[in-house]
Amino acid sequence: MKRFLASLVAAATFLSAASLPTVAVAQAPAAAPAAATPAPPAVAAETPKPAGAAGNTATVDNPYGLKALWEQSDAVAKATLLILVFMSIGTWTILGFKLVELNKINRQAKQVEQEFWGAADLNQGMAALKEQSPFRFIAEAGVEATKKHQGLLGQIGFSDWVTQSIQRAVDAVQSNLQNGLAFLASVGSTAPFVGLFGTVWGIYHALVKIGVSGQASIDKVAGPVGEALIMTAIGLAVAVPAVLAYNYIVRKNKTTMEKVRGFGSDLHSVLIASAAKK
C-alpha cells in the first residue's frame with residue numbers, strides 16, 4: 001500500500017512538472033502579439049483658435065500707411081505734406097484751365113478765318129467775333145489806334161503807330177497765356193526739395209527713437225523711415241506732372257501765339273490799306 005501511494009505521488013509530481021512548460025509555451029505566443037502590436041501614438045490636443053482670429057488678420061490696418069503717417073506725424077511733417085498737396089492741386093488746376101483756354105483760342109482762330117476775313121468791313125468782322133476773343137481784342141486795339149492818331153501822336157508815322165498799338169495788344173494776349181507758368185515752374189523746381197526736407201525730418205525722428213530705445217530694432221525705425229520715403233515719393237509725384245505740364249503749355253502757347261501774331265500782321269496791312277484809300 002505504501003508503495004502504491006508513493007508511486008501515485010511520484011506520478012503526480014511528474015505530471016505537474018510536465019505541465020509547466022506547456023503553460024509557459026502556451027502563454028508565450030499569446031503574449032507575443034501583445035508585445036508586437038505597437039501602442040497607438042497619443043494624439044496631441046489641438047489648441048483651439050480664438051474666435052474671429054482669421055477675421056482680425058484680414059482686417060489689420062497698415063501701421064505705416066498714409067493714414068498712420070498723418071496721425072503719427074508732428075506739426076512739421078503735417079505742414080510739409082500740406083504744402084505738397086497744395087502744390088499738386090494747384091498744378092492740376094492750372095493745367096485744366098490752360099487746356100480749356102488754349103482749345104478755346106484755337107476754335108476762335110478758325111472762326112476768324114471763316115467770319116472775320118470774309119466780312120464786308122472791320123466793324124462787321126469784329127461784331128462776328130466773341131467779346132472774350134483775343135482776336136477781337138487785337139482788332140479793336142488796331143481800329144482804336146487809327147482813331148487816336150492825332151495831336152502829339154499824329155507826329156508819329158501812321159504805320160508805326162498802328163504797329164505799336166497792335167504789338168501792345170499781342171503782348172497782352174501773350175502775357176495772359178503765360179499766367180500760371182511761373183507757378184508750374186516753381187513747383188517743378190522746389191517740390192523735390194520739399195519732399196527731401198520731409199525725408200530728412202523723418203530720418204531725424206528715426207535716429208531719435210533709436211537713441212531713446214537704445215536699440216536699432218525694426219519696430220523703432222520702420223515708422224519714421226517709412227514716413228521719410230513717403231515724403232520723397234510725394235515730392236517726386238508733385239514735381240514730375242508740374243514739369244511736364246509746363247513744357248506742354250509752353251509748346252501750345254508757342255503755336256497759339258503764331259496764329260495771333262499772324263492775325264495781327266494781316267490786320268496791320270488791312271488798316272494801312274484802309275487808311276490809304278481815305
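Residues numbered from 1 in each chain as written. Predicted model: local features only at pLDDT ≥ 70, side-chain atom pairs only at ≥ 80, totals over all residues. Heavy atoms only, no water.

**Notes on the confidence of the model for the chain**
For step 1, the next point in the chain: Confidence in the prediction for the chain averages 77 pLDDT; 70% of positions are at 70 or higher.
For step 2, the next point in the chain: Considering only residues more than four positions removed or in separate chains, one finds that residues 14-37, a stretch of pLDDT under 50, has zero contacts.
For step 3, the next point in the chain: In this model residues 39-47 is a low-confidence stretch, pLDDT under 50, and it forms zero contacts with partners more than four residues away in sequence or in other chains. (pLDDT = per-residue confidence, 0-100. Contact = heavy atoms within 4.5 Å.)

**Observations regarding the pattern of salt bridges**
For step 1, the next point in the chain: Summed over the entire model, instances satisfying the criterion amount to two salt bridges.
For step 2, the next point in the chain: Between lysine 98 and glutamate 101 there is a salt bridge, with its nearest N and O atoms 3.0 Å apart. With lysine 98 and glutamate 101 both in helix α4 (residues 75-116), this residue pair falls three residues apart, about one helical turn.
For step 3, the next point in the chain: With a relative accessible area of 5%, lysine 98 lands in the buried category. (Salt bridge = Lys/Arg side-chain N within 4 Å of Asp/Glu carboxyl O. Helix = DSSP H or I, 4+ residues; strand = E, 2+ residues; numbered from the N terminus. Buried < 20%, exposed > 50% of the residue type's maximum accessible area, 1.4 Å probe, protein only.)

**As for the packing of α4 against helix α6 (residues 134-147)**
For step 1, the next point in the chain: Two numbers describe how α4 lies on α6: the axes approach to 9 Å, and their chain directions differ by 55 degrees. Of the possible angle classes, the one that applies to α4 and α6 is oblique. Packed against α4, whose contacting residues are Ile105, Gln108, Ala109, Val112 and Phe116, the element α6 presents Pro134, Phe135 and Ala139 at the interface.
For step 2, the next point in the chain: Partitioned by chemical class, the residues of the contact of α4 with α6 number seven nonpolar, one polar and no charged. (Axes fitted to C-alpha atoms, helices over the stretch in contact; angles between N-to-C directions. Parallel < 35°, antiparallel > 145°, perpendicular 65-115°, else oblique. Nonpolar A, V, L, I, M, F, W, Y, C, P; charged D, E, K, R; others polar.)

**Some points on the environment of valine 243**
For step 1, the next point in the chain: Here valine 243 shows up in helix α9 (residues 218-277).
For step 2, the next point in the chain: Sequence separation between valine 243 and glycine 188 is 55 residues; the distance between their C-alpha atoms is 5.0 Å.

**Let's talk about the packing of aromatic side chains**
For step 1, the next point in the chain: According to the stated counting rule, one finds seven aromatic pairs in the structure shown.
For step 2, the next point in the chain: The interplanar angle of 90 degrees and the centroid separation of 6.2 Å between the aromatic rings of phenylalanine 86 and phenylalanine 183 together place this pair among those described as edge-to-face. With a gap of 97 residues between them, phenylalanine 86 in helix α4 and phenylalanine 183 in helix α8 (residues 181-213) connect regions that are remote in the sequence.
For step 3, the next point in the chain: With a relative accessible area of 26%, phenylalanine 183 lands in the partly exposed category.
For step 4, the next point in the chain: Members of the aromatic cluster, each reached through a chain of ring pairs, are Phe116, Trp117, Phe135 and Phe263. (Phe/Tyr/Trp six-rings, centres within 6.5 Å; stacked < 30°, edge-to-face > 60°.)

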